[in-house]
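# Examining the three-dimensional arrangement
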Amino acid sequence: MVKNALTTLLIWLTAILVSGVFVWLLADIIIHGLPKLSWSFLVETPKNAGRSGGIGPIIVSTLLILGVAMVTAIPLSLATAVLLSEFTRHDSVFGRLVRRSLDVLAGVPSIVFGLFGNAVFCIYLGLGFSILSGGLTLACMVLPLLIRTAEEGLQAAPNEYRLASAALGMSRSATLVHLLLPAATPALVAGLMLGVGRAIAETAALIFTSGYVDRMPDSLFDSGRALSVHIYDLSMNVAGGDASAYSSALVLILLLLMINSIALSLANQWLHRSVVTA
Amino acid sequence: MSHFINNKSEQVDKSNTDDAYTLGPLQVGLPCCMPEPLIRVDNLSLHYGLKPALEDVSLDIYKGCITALIGPSGCGKTSFLSVLNRLTDLIPDCRISGNVHYDTMDLRHPALDVQRLRRDIGMIFQKPVPFPLSIRRNIELPLREHGMSKQAGLNDVVQQVLQDVGLWEEVKNRLESPALALSGGQQQRLCIARALALQPKVLLMDEPCSALDPISSGVVEDLIQRLRGKYTVVIVTHNLAQARRIANYAGFFWIKDQRAGCLIEFGQCKQIFEAPVHELTAAYVNGSRG
Ligand SMILES: Nc1ncnc2c1ncn2[C@@H]1O[C@H](COP(=O)(O)OP(=O)(O)O)[C@@H](O)[C@H]1O
Ligand SMILES: [Mg+2]
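Residues numbered from 1 in each chain as written. Chains lettered and ligands numbered in written order. Predicted model: local features only at pLDDT ≥ 70, side-chain atom pairs only at ≥ 80, totals over all residues. Heavy atoms only, no water.

## Focus on the layout of surface pockets
Looking at the largest pocket, its volume works out to about 850 Å³. What lines the largest pocket is a set of 27 residues, and nearest its centre among them are Glu86, Asn159, Arg162 and Arg172 of chain A together with Leu90 of chain B. When the residues that make up the lining of the largest pocket are grouped by side-chain class, the tally is ten nonpolar, eight polar and nine charged. If you add up the space inside the second largest pocket, you get close to 340 Å³. Together, 16 residues line the second largest pocket, and Ile74, Thr185, Leu188, Val189 and Leu192 of chain A are the ones closest to its centre. Put simply, the parts of the chain that give the lining of the second largest pocket at least two residues each are α3 (56-86), α6 (131-156), α8 (172-200) and α11 (242-276) of chain A. Among the elements that line the lining of the second largest pocket, the one with the most residues is α8 of chain A, at six residues. A per-class count over the lining of the second largest pocket returns twelve nonpolar, four polar and no charged. (1 Å grid on protein atoms, 1.4 Å probe; cavity = no way out; pocket = protein on both sides within 12 Å on 5 of 7 lines; lining within 4 Å. Points joined across faces, edges and corners; volume = space filled by probe spheres on them. Nonpolar A, V, L, I, M, F, W, Y, C, P; charged D, E, K, R; others polar. Helix = DSSP H or I, 4+ residues; strand = E, 2+ residues; numbered from the N terminus.)

## Quick notes on the pairing of strand β9 (residues 249-256) of chain B
Burial analysis of β9 of chain B places six of its eight residues in the buried class, the great majority of the element. Where β9 of chain B folds back on strand β10 (residues 260-268) of chain B, the antiparallel hairpin that results is connected by three residues, among which Asp257 of chain B adopts a positive phi of roughly 50 degrees. (Buried < 20%, exposed > 50% of the residue type's maximum accessible area, 1.4 Å probe, protein only. Pairing = 2+ DSSP bridges.)

## A few points about helix α1 (residues 2-33) of chain A
Between the first and last C-alpha of α1 of chain A there are 45 Å, a value that for 32 residues agrees with the 46 Å anticipated at 1.5 Å per step. Where burial is concerned, little of α1 of chain A is hidden: two out of the 32 residues are buried. (Expected span 1.5 Å × (residues − 1).)

## Regarding the pattern of salt bridges
Residue and element names in this part refer to chain B. Evaluated as defined, the whole model comprises 22 salt bridges over all chains. The shortest N-O distance in the salt bridge between Lys201 and Asp120 comes to 3.9 Å. Highlighted residues: Lys201 in the loop between α6 (184-196) and β7 (202-206) and Asp120 in helix α2 (residues 114-120), separated in sequence by 81 residues. According to the relative accessible area criterion, Lys201 is partly exposed, its value standing at 43%. Of the charged contacts, one joins Glu170 and Arg189 as a salt bridge, the two residues approaching to 3.3 Å between their closest N and O atoms. Of this pair, Glu170 sits in helix α5 (residues 168-171) while Arg189 sits in helix α6, and the two are 19 residues apart along the sequence. (Salt bridge = Lys/Arg side-chain N within 4 Å of Asp/Glu carboxyl O.)

## Regarding empty space enclosed by the protein
Enumeration over the complete set of coordinates arrives at two cavities of 30 Å³ or more. Reported here for the largest cavity is a volume of approximately 60 Å³. Contributing to the lining of the largest cavity are Ala164 and Leu168 of chain A together with Met123, Ile124, Phe125, Cys191, Arg194 and Ala195 of chain B. Tallying contributions element by element places α6 of chain B first for the lining of the largest cavity, with three residues. Its residues assigned to classes, the lining of the largest cavity shows seven nonpolar, no polar and one charged. Roughly 50 Å³ of internal volume is contained in the second largest cavity. Considering the residues around the second largest cavity, the lining is formed by Thr62, Ile65, Leu66, Leu138, Ala199, Ile200, Leu206, Ala226, Leu227 and Ser228 of chain A. Counting residues per element, the ones that place at least two in the lining of the second largest cavity are α3, α8 and α10 (227-237) of chain A. Among the elements that line the lining of the second largest cavity, the one with the most residues is α3 of chain A, at three residues.

Below is the structure:
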């Protein structure tokens, strides 16, 4: 009886503690970040090392880096996941090797990816400090996560679909497109959101690859400063940059929420379309 | 000829809803005057890895007839059906030996057009597997994949096969609603309709009624009876009374020596149930073993 009550108490305490930390964090950012947040903050260029002015170019750079990362990582990860789940045997040497490598890669600290990206994309491929280098480095970083979640989503699709579809003389690719991918969509979206979250919050890997420059980028070959790098710089290197840092952090969180809800609603629409009509 | 009449006469007018079906009235007996083998299986053995699942099975499936396969779980009935439409291709490690011929085709030929074959030999599973699509899309999807794209033609086929399985009146006003919302029996009939839409010659049914309630099971059983003559049906069933009611031929599988399944006895349904040659068959159909 006492033991039970104690357990309940403990569970509640942890729940309150966890959500308390989250609420505190959010409140802190909102309280400090909201006053400076305005339309001009969103569109203007930073002045005085970011102490005043806005974060227009930085938002653009962030979205470009994220765009490059996702445009590269999504098709690659989907293709790899399909290959692993549908076209290789689960216990094959190839499959085991790839899975093990991915799991190790997923745990590698991001700064290592930064150094790798710097060596490969910036120097070896000659892309220099650029949005392209940064985006490709982030793609490498989120690839393991995206592949593993997509693969697990496909694996979780009922095997009966594969059998029933084959028994109707349908090809494997048709089964994949019409039945397995839709069934795996929730998992794909969940993985995508985790990936976007990791990518948009990345600082270490980007400092070495996409650089610090806070001008508006002209092309993907320009250096561009990501929001997370901006926040890091403001709070570490710029005295009196705290207010801007808070506002930038708030923008970062809002951006993440926005991207997530767009991804969710797109997926819902697509699912709905493929389920109900042609 | 008369040996085909293996059904009791009270089965004849069991259903009074004939007008809901377009496949025609219940047929009892006399499906075909001259039994003509459509699928011939000789010395078929099947291994999963090193484990034998079927050993030395030989039997003929007769055109237009209903062939029932009975036997305890695990004796390889599902595996046997999967050989006939090459669904075994999907199982890694599955090795087959022996000869299987469909019409004049060698079913084990490596260059066989498997997708084409599976349109000819449809399969119904124990658990109904409607796709998570609308009722209409369930039937249209395989048709579209096989190159039929005119919506008018598709509409006709959808209506035709739904009428064939007696589902049209029940669903004609909600063709766009999800197939998963149908009842179990309706789902199974939708799956049969989906298979019929491809105009198969043979239907393999793996315990099609065992996941259904008795009423739905009866409806599906009636439907299978209506398929006789127009389609060649191979049905696995654990319901001996059902096998006895609907089948022209019956095969009894058993696990020999705790090892592999094999065919103990095959023959006309009446003979298997009323005058079995093998003592195992006798014990099984009388319910004293299995
Ligand atoms: N995919 C598979 N891999 C390995 N063994 C299997 C597989 N499918 C069936 N078996 C084995 O083969 C034997 C026959 O199974 P099955 O054909 O499903 O029998 P039944 O349908 O008569 O119950 C069983 O012992 C089963 O464990
Ligand atoms: Mg079975």
